[in-house]
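Understanding the architecture of this molecule
Spelled out from the first residue to the last, the chains are:
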Amino acid sequence: VTTNVFERVARSGLLGLTQAEVNTKLPALAGETESAWVADSVSNSINRGTPILKVFADWWTGGKLVADTSWYNESATEFILMDAEDLNGLALIVNSGLDNFAGKTVKLGGNITVNEVSASILNQWEIGQNVPQVGFEPIGTAARPFAGSFDGQGYTLSGIYVSSSAPHVGLFGITVAGSIVKDVKIVDSYFEQPEVSSAKYIGSVVGELRGDMSQVYSSAIVVSSGSNVGGLIGRTNASGEVMTLSE
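Residues numbered from 1 in each chain as written. Predicted model: local features only at pLDDT ≥ 70, side-chain atom pairs only at ≥ 80, totals over all residues. Heavy atoms only, no water.

Brief notes about the environment of Gly-128
Under the convention used in this document: Secondary structure elements follow DSSP: runs of H or I of four or more residues count as helices, runs of E of two or more count as strands, with numbering from the N terminus. Each residue is placed in one exposure class: buried if its accessible area under a 1.4 Å probe, protein chains only, is under 20% of its type's maximum, exposed if it is over 50%, and partly exposed if it falls in between.
Residue position: Gly-128 is located in the loop between α5 (119–126) and β8 (149–151). On the basis of relative accessible area, Gly-128 is assigned to the exposed category, the value being 52%. Along the primary structure Gly-128 and Ser-163 are separated by 35 residues, whereas in three dimensions their C-alpha atoms are 9.5 Å apart.

Pasting the structure below:
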């Protein structure tokens, strides 16, 4: 599933090394430090018992990979996401620094349900009960924001659950100038920041918008005691256009 990502790591000469060997070769993988690596403790099934980048291990739960990057090709400029694993794969690629998708377009190929949700389950999520075992990682961080074009093509995302004390929470954590998020709906979803000093920049579509956004709809629940909180956008620093929004 993660062939493209592992090929990149393999070319750096790090794949299959012991922890001690990895520590001596970390400069070969720009921007990473020793703390970015963890032991493969999930039945030695992710990387055959040798150290693995923490961002990969974080996406592995109960021996089942919940992020699929098989749709990604470094040389391509347009991509289609078909399911929740593909959507999680987009977050993995962006947040790991593999690709920020500048000059590229990511489209939805259909409606995507991340978790099956009913009204009663949404109510339970609000009080911290019956939360999904596997949540969702916002796409883009302050250090590695999303820079591409995301076109929902009118399709709907549902069942997204995020509870994070980190800043920049939403479907997209942060986008940059030149990016665009458009034509997507978010329903039956929940975004939350606990009461911590770092709580800020939370919206159901984008935590901090610095690019364009158009024709988006969200009925998601957004909960935070922090600053820069909005139903759709937590904060906008947009240099472009924000239009046709509804919630």
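Re unusual backbone geometry
Phi at His-168 is positive, roughly 70 degrees, even though this residue is not glycine. Mapped onto the elements, His-168 comes out in the loop between β10 (161–163) and β11 (172–174). The residue Asp-188 is not glycine, and still its phi comes out positive at about 45 degrees.

Points about the sheet that holds β10
The following threshold applies: Two strands make a pair as long as DSSP finds a minimum of two bridges between them. Interaxial angle, 0 to 180 degrees, is taken between N-to-C directions of lines fitted to C-alpha atoms, where a helix line uses only the stretch in contact.
Ordered by their spatial adjacency, three strands build an open sheet running β10-β13-β17, and the pairing between neighbours is parallel. Pairing within the sheet leaves two strands with one partner each, and these edge strands are β10 and β17 (221–224). Each adjacent strand pair in this sheet contributes to an overall mean axis angle of 5 degrees, direction not counted.

A closer look at the sheet that holds strand β19 (residues 233–236)
Where strands meet in a sheet, backbone hydrogen bonds hold them as pairs that are either parallel or antiparallel. Overall, parallel pairing links the three strands, which are arranged β11-β15-β19 in an open sheet. Single-partner strands in this sheet number two, and they are β11 and β19. On average, each strand axis in the sheet is tilted by 20 degrees relative to the strand beside it, whichever way the strands run. The pairing of strand β15 (residues 206–209) with β19 spans three bridges and is classified as parallel.

Description of the side chain of Glu-192
Note the cut-off: Pairing of N or O atoms within 3.5 Å defines a polar contact, subject to two protein rules: one partner must be a possible hydrogen donor and the other a possible acceptor, and residues neighboring in sequence count only if both atoms are side-chain atoms. Note on contacts: a residue pair is in contact if any heavy atoms of the two residues lie within 4.5 Å.
Within the secondary structure layout, Glu-192 lies in strand β13 (residues 190–193). Looking at Glu-192, the relative accessible area reads 18%, which means it is buried. Within the structure, the side chain of Glu-192 is placed 2.7 Å from the side chain of Ser-163, a separation counted as a polar contact. Leave out the neighbours within four places in its chain, and Glu-192 touches Tyr-161, Val-162, Ser-163, Ser-164, Ile-202 and Val-223.

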